[in-house]
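Okay, here's what each chain looks like letter by letter:
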Amino acid sequence: MTSIQKQKQKIKNQLLPWLDVIAITAWGILMLKYWFTGKLNLLIHPDYFWLVIVGAIGLLIVGFFKGIQLWQQCRRYEAPNNQQQHINLFPPGWGSALLLTTAILGFIITPRVFASQIALERGVTELLGATRAQPQAFRPTIRPEERSLIDWVRTLNVYPEPDAYTGQKVKVQGFVIHPPELDQNHLLLARFVITCCAADGYPAGLPVHLGENRNQYPPDTWVEVEGQMFTENIANKRQLTIKASSLKKIPQPENPYSY
Amino acid sequence: MNQLNNGFTLFLSLLVEAMPFLLLGVLFSSLLLFFIDERKLVEKMPKNALLGALVGSMIGFLFPVCECGNVPVARRLLMQGVPTPVAIGFLLAAPTINPIVIWATWTAFRDQPEIVVLRIVLSLASATIIGFVFSLQQDLSPFLQPTLARYIKYNPPPKPESKRKGKYYQVEEQATANTILQSGTYILGGKAGRSTKIGGIKQTNIATSNLNKPFADKLRLLLDNIIQELRELGGVMVLGSAIAAAIQVLAPRELILSLGAGPITSILAMLILAAVVSICSTVDSFFALSFASTFTSGSLLAFLVFGPMIDIKGVGLMLSIFKPKALLYIFALAGQLTLLFTLFLNLHVM
């Protein structure tokens, strides 16, 4: 080994442990940042926030102690004892580099809420009236106009006869989807339901009868719909539909998912 | 652009969810590596093959490692003279049968407890059966990597006391670079064929010698081990999540649905998915959950049982123990058993 190579090797050995520390600390900060800025809502279910927060603090603690240790070694001019030559999954530094790159991307790119495109890909049309086999929460005593969109879908799941709800008042919020099965006077009002993290989000929704052309409500617009329930034949299926008496555009809610 | 951002959001959500579990797993495995004397564990192993395989399948409760961490532990067990069925049972079941994974599965499938129970039962059964099948092979060396086989042949498990003496200082130098994962280096790192040096020999003693170390040293090694595992497994997890997110975005669920909704085809689709997606067993239940509304319960179970045993990400690690031929047998056996069990459930129970 030439002296230049040795020199390079030495610098590498000095720097790689710091890469670990930076990558681990960056992830801790990133997770806390999502929490502070409220973006964690877009990624996981609020029940697991504590898990992320504790995890982030844990990462910061690990990074902090390793940092102190390295700092002391630097001051004493010791070679770092964390030798890098025994890595089998990645070449030296790759694991940390991957982690760090992802964390940096996470700082730059803001996560966004899922919209109609994903909803269509995940088969919202199929879910027009049927979501999961087991509704997770069911409150039958609630007044009809206080039900959220997801409450409606779940209620419908438990008792699927659309005629049973005819004439009941509705006031729900959701985003607009234009599924190909619906004609120009209808749109689908939907929300994503997440059980754990955004990866398992699935859409649920109800069709809305507008009485006017739907084009002034482009996909992904958030609207509040008021009206009454009635039964309509859509795609050869009797379907509980909202007959809208008023539609109001609203800003995207702070927490766009339902649970 | 839209697609990319959606994919990135998915990717981040998988990572943010998985990171705490990874940290917990790494903490546990590091703590146990330094505070449990595995030699005593070895002495207590039953000699009966079937019983051994069953016990081996349950060691995961003591070493809560996911499928990235179980390989080095299984290798160390083999080298310490643990009977084969025990080691193979451990290798296949540990990623599922451990408190963290069971808890994570429970978190994800709160509303379907039968999935949690069946995941445990089926994993135990498959791992025990495969471990037992391998016990029928009297001499395991044709199945093992040559270096490992040679080590076991020439280093029969010694008496615990004699081995501990004099090794302490030798281990000292090695221990600084200590990690669960690096044991496989000598094969994957291109040093295969160097018969005189086995990366893991000295390391087999680390766990025991660590028990005698001063506390401050232990803490330092603990920290190093945590960092090492976080770096390695974190990197693997980033790749796994990226692939998983890409699949979710590029292959709309309607496409995966079209792979199969029947009792057999749905299971086959999920088996393939389990092997391809390669996500860590601590988080795979959350991933499976995303299919809960579209796939049969049997196929979800197939994913949850088969995924931790075999996946693309883990093949590299497992090749540090077995020859490709043996690995193929394990793959085939695990796949068939999972298929049979879950098919039975699909057709007769759920």
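This one's a predicted model, so the numbers in the text were calculated from it and none came from an experiment.

A. Representation of the overall build of chain B in the model. Along its length, chain B carries 19 helices and zero strands. Counting over 350 residues, chain B shows a buried share of 62%. Long-range contacts, defined here as pairs at least 24 residues apart, represent 85% of the contacts in chain B between residues at least 6 apart. Looking at chain B as shown, the accessible area adds up to about 12,800 Å², and 69% of this sits on carbon and sulfur atoms.

B. Local environment of the sheet that holds strand S3 (residues 202–209) of chain A. Residues and elements named next belong to chain A. On the basis of which strands lie adjacent, the closed barrel formed by five strands has the order S1-S2-S3-S5-S4 and mixed pairing. Adjacent strand axes in the sheet meet at a mean angle of 60° when their direction is disregarded. Across seven bridges, strand S1 (residues 169–177) lies against strand S4 (residues 222–234) in antiparallel orientation. Opposite Lys171, over in S4, you have Glu226 as the bridge partner.

C. Fine view of unusual backbone geometry. Of note in this structure, Asp220(A) is not a glycine but carries a positive phi near 80°. Relative to the helices and strands, Asp220(A) resides in the loop between S3 and S4.

D. Broad picture of the environment of Gly234(B). Looking at the element boundaries, Gly234(B) is found in helix H13 (residues 215–250). You can call Gly234(B) buried: its relative accessible area is 0%. Sequence separation between Gly234(B) and Leu23(B) is 211 residues, and the spatial gap between their C-alpha atoms is 9.1 Å. If near-sequence neighbours (up to four positions away) are discounted, Gly234(B) is found in contact with Leu99(A), Leu22(B) and Glu229(B).

E. Focus on a nonpolar patch on the surface. Taken together, the side chains of Ile57(A), Ile61(A), Phe64(A), Phe65(A) and Ile68(A) present a nonpolar region at the surface, about 460 Å² in accessible area. Structurally, Phe65(A) can be placed in helix H3 (residues 49–75).

F. Examining the pairing of S4(A) more closely. Residues and elements named next belong to chain A. As paired strands, S4 and strand S5 (residues 237–249) are joined by 12 bridges and run antiparallel to one another. Looking at S5, one finds that Glu226 is bridged to Ser246. Once S4 ends, the chain turns through two residues before running back antiparallel as S5, passing Ala235 with a positive phi of about 50°.

G. How the structure looks around helix H4 (residues 94–108) of chain A. Residues and elements named next belong to chain A. Helix length check: H4 (15 residues) gives 21 Å between terminal C-alpha atoms against 21 Å at 1.5 Å per residue, within 8%. Inspection of H4 places Gly95, Ser96, Leu99, Leu100, Thr102, Ala103 and Gly106 among the buried residues, and these make up the whole buried set. Considered in projection along H4, the buried side chains sweep an arc of 160° and stay on one side of the axis. When the buried face of H4 is taken as reference, the exposed residues oriented beyond 90 degrees from it are Trp94 and Ile108.

H. Summary view of the pattern of salt bridges. All names here are of chain A. Across all of its chains, the model carries five salt bridges over all chains by this definition. Linking Arg238 and Glu161 is a salt bridge whose minimum nitrogen-to-oxygen distance equals 2.8 Å. One end of the pair, Arg238, is in strand S5; the other, Glu161, is in the loop between helix H6 (149–158) and S1, and 77 residues separate them in sequence. Among the salt bridges present, the one from Asp163 reaches Arg238, with a minimum N-O distance of 2.8 Å. Of the two residues, Asp163 is situated in the loop between H6 and S1 and Arg238 in strand S5; the sequence distance between them amounts to 75 residues. Judged by relative accessible area, Asp163 falls into the partly exposed class, the value being 43%. Judged by its relative accessible area of 41%, Arg238 is partly exposed. Three or more residues are tied together by salt bridges with common partners; here these are Glu161, Asp163 and Arg238.

I. Broad picture of the packing of aromatic side chains. Residue and element names in this part refer to chain A. One pass over the structure, following the stated rule, counts 10 aromatic pairs over all chains. Ring geometry for Phe175 against Phe192: centres 6.0 Å apart, planes inclined by 15°, an arrangement best described as stacked. Of this pair, Phe175 sits in strand S1 while Phe192 is found in strand S2 (residues 186–193), placing the two residues 17 residues apart along the sequence. As far as burial versus exposure is concerned, Phe175 and Phe192 are alike and both buried. Joined through ring pairs, the aromatic side chains of Phe175, Phe192, Trp222 and Tyr257 make up one cluster.

J. Focus on the side chain of His178(A). Residues and elements named next belong to chain A. Within the element layout of this structure, His178 appears in the loop between S1 and S2. A distance of 2.9 Å separates the side chain of His178 from the backbone oxygen of Tyr217, its partner in a polar contact. Setting aside anything within four residues of it in sequence, one finds His178 in contact with Leu187, Arg214, Asn215, Tyr217, Pro218 and Pro219.

K. Just the side chain of Ser135(B), in detail. Residues and elements named next belong to chain B. Tracing the backbone shows Ser135 in helix H7 (residues 113–135). Separated by 2.5 Å, the side chain of Ser135 and the backbone oxygen of Phe132 make a polar contact. Residues within four places of Ser135 in sequence aside, it is in contact with Ala49 and Pro85.

L. Structural context of the confidence of the model for chain A. All names here are of chain A. On average, residues of chain A score 79 in pLDDT, and 83% of them are at 70 or above. For chain A, the element scoring lowest by mean pLDDT is helix H5 (residues 116–121), at 70; H3 scores highest, at 90. Of the regions scoring below 50 in pLDDT, residues 80–88 engages in 38 contacts with residues more than four places distant in sequence or in other chains. Considering only residues more than four positions removed or in separate chains, one finds that residues 125–137, a stretch of pLDDT under 50, has 36 contacts.

M. Region of interest: the packing of helix H3 (residues 49–58) of chain B against helix H5 (residues 84–93) of chain B. Residue and element names in this part refer to chain B. Remark: H3 packs on H5, axes separated minimally by 7 Å, with the N-to-C direction vectors making an angle of 35°. Viewed along their axes, H3 and H5 form a crossing whose handedness is right-handed. Side by side, H3 and H5 meet where Ala49, Gly52, Ala53, Gly56 and Ser57 of the first sit next to Pro85, Val86, Gly89, Phe90 and Ala93 of the second.

Rules and cut-offs
Residues numbered from 1 in each chain as written. Chains lettered and ligands numbered in written order. Predicted model: local features only at pLDDT ≥ 70, side-chain atom pairs only at ≥ 80, totals over all residues. Heavy atoms only, no water. Helix = DSSP H or I, 4+ residues; strand = E, 2+ residues; numbered from the N terminus. Buried < 20%, exposed > 50% of the residue type's maximum accessible area, 1.4 Å probe, protein only. Contact = heavy atoms within 4.5 Å. Areas by Shrake-Rupley, 256 points an atom, 1.4 Å probe, with all protein chains shown as cover. Pairing = 2+ DSSP bridges. Axes fitted to C-alpha atoms, helices over the stretch in contact; angles between N-to-C directions. Patch = residues over 30% accessible without salt bridge, like charges linked within 9 Å, V, L, I, M, F, W, Y side chains within 5 Å. Salt bridge = Lys/Arg side-chain N within 4 Å of Asp/Glu carboxyl O. Expected span 1.5 Å × (residues − 1). Arc of directions from axis to C-beta. Phe/Tyr/Trp six-rings, centres within 6.5 Å; stacked < 30°, edge-to-face > 60°. Polar contact = N/O pair within 3.5 Å; in protein donor to acceptor, adjacent residues only side chain to side chain. pLDDT = per-residue confidence, 0-100. Left-handed = near helix turned anticlockwise from the far one by under 90°.

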